[in-house]
Amino acid sequence: MFRRLVLLATALLLPLGLTPMAHAAAESYVALGDSAAAGPLIPNQILPELGCFRSDHNYAHLTSQNLGGSLKDVTCSGAKTKDMYQSQETDLGSMPPQLNALSSSTTLVTVQIGANDVGLTGFIEDCLNLLLPGDPCNDDYQQNGRDSWRDATDALRPKLDQLIRDIRQRAPQARVFVVGYATYAPVDGCWPRVPVFRADANYIRATIAYFNLALAQQAAAQGVGFIDLQTPSEGHDPCKSSGVRWIEPYIPTTAATPFHPNALGMRNFAAIVTQAVRAAV
C-alpha cells in the first residue's frame, strides 16, 4: 500500500527553507501519526529512522519552530493505531511504540492516525482508472446496503477512544489534538488529469468526510481538540496545478509520495495547527 505509492514517486529531494515565527511560550511537543503526518519523501528525510520516511519539514517540525520549545516527532509512514502501543516493523528496521515518546512533562500532543487501519490509502489507489470504458470502483465496497469503508471507520471508533485516553494518561499535562485528513478529490474529480472516475471521486470525498467526522466526534467525546484539514485544503487537492495543490496526484511533480502532502501542504498544515494550538491556550 504505502510502499507501492513510494515506488510511484520519482521527484528529487531538494532542500527547503523556513522562516520561524514568533512564539509566546515554549512547548514540549510530541507528534504521533502515520505518513500523512510524517511527510514521506519531502526533504529532508530524517536519519537514522529512514524507514519511517519522516521529513524535518513536516507540519510537526514547522509547528514546533513556530511555537518554540522541544519536539519529539515519532510519526511513521504505514503506522496504524496498534503501532502506538507496539514496535512497528519497517523495511529499514523496527521503530519503538509511538506512545513511548510521551511523558509527564509533555505539554502538547498531535495525533493523526487511522487511515491505515481502515485502508484508505489502498482504497484511493484501487480507484485508479487510466482508460475508458471502465467500471467505477465504489460499487465494490457497497453491498446489501452496507458500506465497507464506513463499517471499518465505525469499528475504529473504540480504538480511537482508548488511544486518546492512553495519551492523556501518559501525558496528563498536555493539550491533545486529533488531526484530521485533507481533501483528496474535488467534486466530480478531474479525469483524466487524476484518473479517477467522477463517481469514485465523489465516493472518495464522502468516505474521507465520514472518516474525518468520526475523528472529530471521538475527539469531542474525550474532551480533546480536533484540527480540521479537510475544509482548508479544499481547492488544493491533487487536481490542482503545482504550486497550488497541497496533496500530490498519482504521479507527483514535487518531492512527495502520491496522495500525500507535499512541502507546500505541510507549510499550510503547520500554519493551521499552530493557529489551533495558540487559540486553545
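For clarity, every value in this text was computed on a predicted model and none was experimentally measured.

Reading the values: the criteria
- Residues numbered from 1 in each chain as written.
- Predicted model: local features only at pLDDT ≥ 70, side-chain atom pairs only at ≥ 80, totals over all residues.
- Heavy atoms only, no water.
- Disulfide = S-S within 2.5 Å.
- Helix = DSSP H or I, 4+ residues; strand = E, 2+ residues; numbered from the N terminus.
- Buried < 20%, exposed > 50% of the residue type's maximum accessible area, 1.4 Å probe, protein only.
- Axes fitted to C-alpha atoms, helices over the stretch in contact; angles between N-to-C directions.
- Parallel < 35°, antiparallel > 145°, perpendicular 65-115°, else oblique.
- Left-handed = near helix turned anticlockwise from the far one by under 90°.
- Contact = heavy atoms within 4.5 Å.
- Salt bridge = Lys/Arg side-chain N within 4 Å of Asp/Glu carboxyl O.
- 1 Å grid on protein atoms, 1.4 Å probe; cavity = no way out; pocket = protein on both sides within 12 Å on 5 of 7 lines; lining within 4 Å.
- Points joined across faces, edges and corners; volume = space filled by probe spheres on them.
- Nonpolar A, V, L, I, M, F, W, Y, C, P; charged D, E, K, R; others polar.
- pLDDT = per-residue confidence, 0-100.
- Core = buried A, V, L, I, M, F, W, Y, C linked by side-chain atoms within 4.5 Å.

Enquirer: What should I look at first to understand the state of the cysteines in this one?
Expert: What makes a disulfide is a covalent bond joining the sulfur atoms belonging to two cysteines. Applying the stated criterion to the full structure yields 2 disulfides. Each disulfide pairs two cysteine sulfurs, and for Cys52 the partner residue is Cys76, the sulfurs being separated by 2.0 Å. Classification of the bridge connecting Cys52 and Cys76 rests on its S-S torsion, roughly -90 degrees, and on that basis the disulfide is left-handed. Taken as a pair, Cys52 in the loop between helix H2 (35–38) and helix H3 (59–67) and Cys76 in the loop between strand E2 (69–73) and strand E3 (88–90) lie far apart in primary sequence, 24 residues in all. Residue Cys76 is classed as buried on the basis of its relative accessible area of 1%. Each sulfur of the disulfide joining Cys190 and Cys239 lies 1.9 Å from the other. Torsion about the S-S bond of the Cys190 and Cys239 cystine: about -90 degrees, corresponding to left-handed handedness.

Enquirer: How should I be thinking about the packing of helix H6 (residues 148–170) against helix H7 (residues 198–221) in this particular structure?
Expert: When two helices pack together, you describe them by how their axes are tilted relative to each other and by the distance separating the axes. Axis separation between H6 and H7 bottoms out at 9 Å; the angle between their running directions is 25 degrees. Our classification of the angle between H6 and H7 gives roughly parallel. Every pair of crossing elements has a handedness; the one defined by H6 and H7 is right-handed. Contacts between H6 and H7 involve Trp149, Arg150, Thr153, Asp154, Leu156, Arg157, Leu160, Asp161 and Ile164 on the former and, on the latter, Tyr203, Ala206, Thr207, Tyr210, Phe211, Ala214, Leu215, Gln217, Gln218 and Ala219.

Enquirer: Teacher, can you tell me more about the pattern of salt bridges here?
Expert: Scanning the model with the defined rule gives 9 salt bridges in all. In this structure, the salt-bridge partner of Asp151 is Arg146, at a minimum N-O distance of 2.9 Å. The partner of Glu248 in a salt bridge is Arg245, and the shortest N-O contact between them spans 3.2 Å. There is no split in this pair, since Glu248 and Arg245 are both buried. Sharing partners across several salt bridges, the network here consists of Glu49, Arg54 and Asp73.

Enquirer: What's the story with unusual backbone geometry in this structure? I'm lost.
Expert: Only a minority of non-glycine residues have a phi that is not negative, and only a minority of peptide bonds are not trans. A cis amide bond links Leu47 with the next residue in sequence, Pro48, at an omega value of 5 degrees. Tracing the chain through its elements places Pro48 in the loop between H2 and H3. Cis peptide bonds are those with omega within 30 degrees of zero, and the linkage from Trp191 to Pro192 qualifies with 10 degrees. Mapping Pro192 onto the fold places it in the loop between strand E8 (175–179) and H7. Here Leu41, not a glycine, exhibits a phi torsion of approximately 75 degrees, which is positive. By relative accessible area, which is 13% here, Leu41 ends up buried. The backbone of Phe53 shows a phi angle near 50 degrees, a positive value even though the residue is not glycine. With respect to the helices and strands, the residue Phe53 is situated in the loop between H2 and H3.

Enquirer: What exactly am I supposed to notice about the layout of surface pockets here?
Expert: Summary: where empty space remains is shown by rolling a probe the size of a single water molecule over the atoms. The computed volume of the second largest pocket comes to approximately 200 Å³. Forming the boundary of the second largest pocket are 12 residues, of which Arg193, Pro195, Pro249, Tyr250 and Ile251 lie nearest the centre. Its residues assigned to classes, the lining of the second largest pocket comprises 8 nonpolar, no polar and 4 charged.

Enquirer: Help me out: how do you make sense of the confidence of the model for the protein in this one?
Expert: Caution is warranted with low-pLDDT regions, since their predicted coordinates should not be read in detail. Looking at the protein, pLDDT values average 89 and 90% of them are 70 or higher. Taken as a whole, residues 1–24 scores under 50 in pLDDT and shows 57 contacts with residues more than four places along the chain or in a different chain.

Enquirer: Hey, could you run me through empty space enclosed by the protein in this one?
Expert: Under the definition given, this model contains 4 cavities of 30 Å³ or more. Considered as a void within the structure, the largest cavity measures approximately 140 Å³ in volume. Counting residues per element, the ones that place at least two in the lining of the largest cavity are H2, helix H4 (115–118) and helix H5 (120–126). Of the residues belonging to the lining of the largest cavity, the class tally is 9 nonpolar, 4 polar and 1 charged.

Enquirer: Would you explain the nonpolar core in this entry?
Expert: When a protein is soluble and globular, its nonpolar side chains tend to lie buried together. If you look at the biggest cluster of nonpolar residues, it comprises 70 residues, and the most contacted ones within it are Tyr59, Phe123, Ile167, Ile204 and Phe269. With residues up to four places along the chain from it excluded, the contact list for Tyr59 reads Tyr29, Ala36, Ala37, Thr110, Gln112, Val179, Met266, Phe269, Ala270 and Val273.

Enquirer: It is not clear to me how the environment of Asn138 should be interpreted in this structure. Could you clarify?
Expert: By the element assignment, Asn138 lies in the loop between H5 and strand E6 (142–143). Put simply, Asn138 and Cys127 are 11 residues apart on the chain and 7.7 Å apart in space, counted from C-alpha to C-alpha. With residues near it in sequence (within four places) discarded, Asn138 still touches Ala199, Asp200 and Tyr203.

Enquirer: Would you take a moment to explain H3 for this structure?
Expert: In an α-helix, one turn spans 3.6 residues; hence positions three or four apart end up facing the same way. The buried count for H3 comes to 8 of 9 residues, which makes it a mostly enclosed element. For H3, every residue scored as buried is listed here: Tyr59, Ala60, His61, Leu62, Thr63, Ser64, Asn66 and Leu67. Check the buried side of H3 and you find it contacts strand E1 (27–33), H2, E2, strand E5 (108–112), E8 and helix H8 (263–279). A positive phi of about 85 degrees marks Gly68, the residue just after H3.

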